[in-house]
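Topology and contacts: notes
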Amino acid sequence: MAASAGAPFGIGFSQSRAHPTQLSLGFSHSISSSASKFVSLHSDFSLRAVDNTKEFQSPRLTPVVKAQGGPRQMDVDLALSPRVNAVKTSNTLAIIDQATALLKAGVPVISLAIGEPDFDTPSAIADAGIKAISEGYTRYTPNAGTLELRTAICQKLKEENGISYTPDQIVVSNGAKQSILQAILAVCSPGDEVIIPAPCWVSYPEMARLADTTPIIVPTCISENFLMNHKLLEATLTEKSRLLILCSPSNPSGSVYPKKLLEEIAAIIAKHPRLLAFAMTGWRLGYIAGPKHFVSACAKIQSQLTSGASSIAQEAAFAALSMGYAGGETVATMVNAYKERRDFLVESFGELEGVKISEPQGAFHIFIDFSHYYGAEVKGFGVIDGSESLCRYLLDLAQVVLVPGIAFGDNTCIRISYAASLATLREAFGRIKKALVALRPAAPL
Ligand SMILES: Cc1ncc(COP(=O)(O)O)c(C=O)c1O
């Protein structure tokens, strides 16, 4: 996956405010890492709860337990960082765990929950990875990525996206996730607001929380293809607004921001110098592109976090970018397959009563509004009261795994991944339809 920063908007920002939480995080670390040493060396040493750090707004939990550390007992502070306590665990995991258990028990479950393509890595890319290993490209690369790869990324951005960057405006990371988190850490101070149009990818709000900022979730509607317009953005802005995370194509909806809408949003951003924007596109090896001072800040964080991305993956990524415009014929074949699958799902689900669909323009997910079926009571199951219970019902009855929309900030919808063959999708659709008929026997399906 790749993340590219909003250079088209060309907004400046100030990095002058220090990160007041830095010191306390380091301190907590040294306490916990030294704890096990003290168990054996100083069995009479007692760890106590550390003072709640003033900078943090959320209360720090400081349970102290008795631990058996040799002949004598000791107190151990089990407190976790308030930053970790602020992060929510994914509520999609429970249903995936349930599906895994069913699969292990031999139940023929179809999973349409996956968030990655079902195609294998094209052989030209895989071969480049193998060649990198056999030719010894197995050492540290420059922190920001090899010059060859960063040059190839600049070429891709110019030819396919019409935006100009130089290699010193690119940082290659271990996936888009790392690029996005580094970007948030590089520009946000505690208390800043990060604007996230919803439905949104599950990690954005949690990354904002990890950076001690406040995620501001802005709901969008299916009738507007889940796109945030400039009026909605303007109504959300405060003096604390620092970042807008725009994802196109979106996960989970597959919506793509048209140029005109992006220009309208850019005009609002230009009026607010504190506000920065990021746009994401999907490649496996992550990179960020943006103004030099901002990209250098991301590189600084990366240099202390992971150093550069894997040397082998970078060789493979270079090969991927050498496959021609937009991935050449290999990727065109995949895109055609995705289109065929998307059209099948849009048409099939579109025939079901009460279902609302926004046709995805990118990615490989469709986010369908099934709220028409909420409120039904199923014998032995209970009331279907939202996306999570409908997903559990569909897993139970249809044995198809889907991801509840609530995980993405929209409880009316369910995400269906079409990173699966057309035959699998046909089978899954048949099963889902049957389960919905059972839910609403009177519905003319
Ligand atoms: C919108 C979005 N951003 C970021 C990521 C994470 O990308 P990566 O696996 O490259 O870290 C994903 C993965 O599904 C995604 O959908």
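Note that the structure is a prediction, hence the values are computed from the model and not measured. Along each chain, the written sequence defines residue order, and numbers are assigned to residues from 1. Thresholds applied to this predicted model are a pLDDT of at least 70 for local features of residues and 80 or more for the giving and counting of side-chain atom pairs; totals over whole chains, interfaces and linings are not thresholded and use all residues.

Description of the overall build of the protein
Stated formally: Note on conventions: DSSP H or I runs of at least 4 residues are helices, E runs of at least 2 residues are strands, and numbering of each starts at the N terminus. Note that contacts rest on C-beta atoms placed from the backbone: two residues are in contact if these are within 7 Å.
Summing up its helical and strand segments, the protein has 14 helices and 16 strands in all. A separation threshold of at least 6 residues defines the contact pool for the protein, and within that pool the share at least 24 residues apart is 73%.

Remarks on the sheet that holds strand 16 (residues 413–417)
Put simply, the rule reads: Strand pairing requires that DSSP identify at least two bridges connecting the strands. Helix axes are fitted only over the stretch in contact, all axes being lines through C-alpha atoms; the angle between N-to-C directions runs from 0 to 180 degrees.
Taken in spatial order, the three strands make up an open sheet running 11-16-15, and their pairing is antiparallel. The two strands at the open ends of the sheet, each matched to only one other strand, are strand 11 (365–369) and strand 15 (403–404). Here strand 15 pairs with strand 16 via two bridges, running antiparallel. Note on strand 16: the bridge partner recorded for P404 is I414. Relative to strand 16, helix 13 (residues 387–398) is tilted by about 45 degrees, and along the sheet it contacts strand 15 and strand 16.

Topic: the packing of helix 6 (residues 176–187) against helix 7 (residues 203–210)
What counts here: Orientation is classified from the angle alone, with under 35 degrees giving roughly parallel, over 145 giving roughly antiparallel, 65 to 115 giving roughly perpendicular, and any other angle giving oblique. Should the near helix be turned anticlockwise from the far one by less than a right angle, the crossing is left-handed, and should it be turned clockwise, the crossing is right-handed. Residues were grouped as follows: Ala, Val, Leu, Ile, Met, Phe, Trp, Tyr, Cys and Pro as nonpolar; Asp, Glu, Lys and Arg as charged; and all remaining residues, including Gly, as polar.
Between helix 6 and helix 7, the shortest axis-to-axis distance is 9 Å and the interhelical angle comes to 40 degrees. Classified by the angle their axes make, helix 6 and helix 7 are oblique. As helix 6 runs across helix 7, the sense of the crossing is right-handed. Within the contact between the two elements, helix 6 uses K177, I180, L181 and I184 and helix 7 uses S203, M207, A208 and L210. Looking at the contact of helix 6 with helix 7, its residues break down into six nonpolar, one polar and one charged.

Quick word on helix 11 (residues 311–321)
Spelled out, the test is: In this scheme the burial state of a residue depends on its C-beta neighbours within 10 Å: 20 or more other such atoms mean buried, 12 or fewer mean exposed, and anything in between means partly exposed; the C-beta positions come from the backbone.
With eight of its 11 residues buried, helix 11 lies for the most part within the structure. By the burial criterion, the buried members of helix 11 are A313, Q314, E315, A316, A317, F318, A319 and A320. Those residues of helix 11 hidden inside the fold are in contact with helix 4 (123–134), helix 5 (147–161) and strand 5 (170–173).

So, the confidence of the model for the protein
Detailed conclusions should not be drawn from predicted coordinates in areas where pLDDT is low. Formally: The pLDDT score gives, residue by residue, the confidence of the prediction method on a 0 to 100 scale.
Of all residues in the protein, 79% have pLDDT values of 70 or greater, and the mean over the chain is 81. Segment residues 1–61: pLDDT under 50, and 111 contacts once partners within four positions in sequence are set aside and those in other chains are kept. Note that residues 279–283 has pLDDT below 50 and, in this model, 15 contacts with residues that lie over four places away or in other chains.

A word on the environment of A407
Its location among the elements puts A407 in the loop between strand 15 and strand 16. Between the C-alpha atom of A407 and that of W201, which follows or precedes it by 206 residues, the distance is 8.3 Å.

A word on the nonpolar core
Just so we agree on the cut-off: A set of buried residues drawn from Ala, Val, Leu, Ile, Met, Phe, Trp, Tyr and Cys, joined through C-beta atoms within 7 Å, is what defines a nonpolar core. Residue ranges labeled as domains rest on an automatic or database domain assignment.
Membership of the largest hydrophobic core comes to 99 residues, with the highest contact counts inside it found for I184, L394, V400 and L402. Each of domain 1 (2–11 + 121–326) and domain 3 (93–119 + 329–439) accounts for three or more of the residues forming this core. In this structure L394 touches V400, L402, I432 and A435, once residues within four positions along its chain are discounted.

Remarks on the packing of helix 5 against helix 11
Packing of helix 5 against helix 11 leaves a shortest axis separation of 9 Å and a crossing angle of 30 degrees. By the angle class used here, helix 5 and helix 11 are roughly parallel. The interaxial crossing formed by helix 5 with helix 11 has left-handed handedness. Judged by residue contacts, E148, L149, A152, I153 and K156 of helix 5 engage Q314, A317, F318 and L321 from helix 11. Residue composition of the contact of helix 5 with helix 11, by class: six nonpolar, one polar and two charged.

Here's the deal with helix 7
In plain terms, the rule: Working definition: the arc comes from the directions between the helix axis and the C-beta atoms, pointing outward to the latter.
For helix 7, every residue scored as buried is listed here: Y204, P205, M207 and A208. Viewed end-on, helix 7 has its buried residues packed into an arc of 160 degrees, placing them on one side of the element. Elements in contact with the buried residues of helix 7: helix 6, strand 6 (193–198), strand 7 (214–219) and strand 8 (241–247).

A few points about the environment of D127
Relative to the assigned elements, D127 resides in helix 4. Once the C-alpha coordinates of D127 and A319 are considered, the two residues, 192 residues apart in sequence, prove to be 8.8 Å apart.

A few points about unusual backbone geometry
A cis amide bond links A198 to the next residue, P199, at an omega of 5 degrees. Residue placement: P199 occurs in the loop between strand 6 and helix 7. Each neighbour pair has its own omega, and for N251 with P252 the value is 25 degrees, a cis peptide bond. If you trace the backbone, P252 turns up in the loop between strand 8 and helix 9 (259–270).

Describing the pairing of strand 7
If a strand is regular, its side chains alternate between the two faces of the sheet. This is how it is decided: Here is how to tell: hold the view so the strands point away, follow the path from the first strand over the helix to the second, and if it runs clockwise the crossover is right-handed.
In terms of strand pairing, strand 6 meets strand 7 through six bridges, oriented parallel. Across the sheet, the residue bridging to E193 is T214, located in strand 7. In this region the chain leaves strand 6, passes through helix 7 and returns to the parallel neighbour strand 7; the handedness of that crossover is right-handed.

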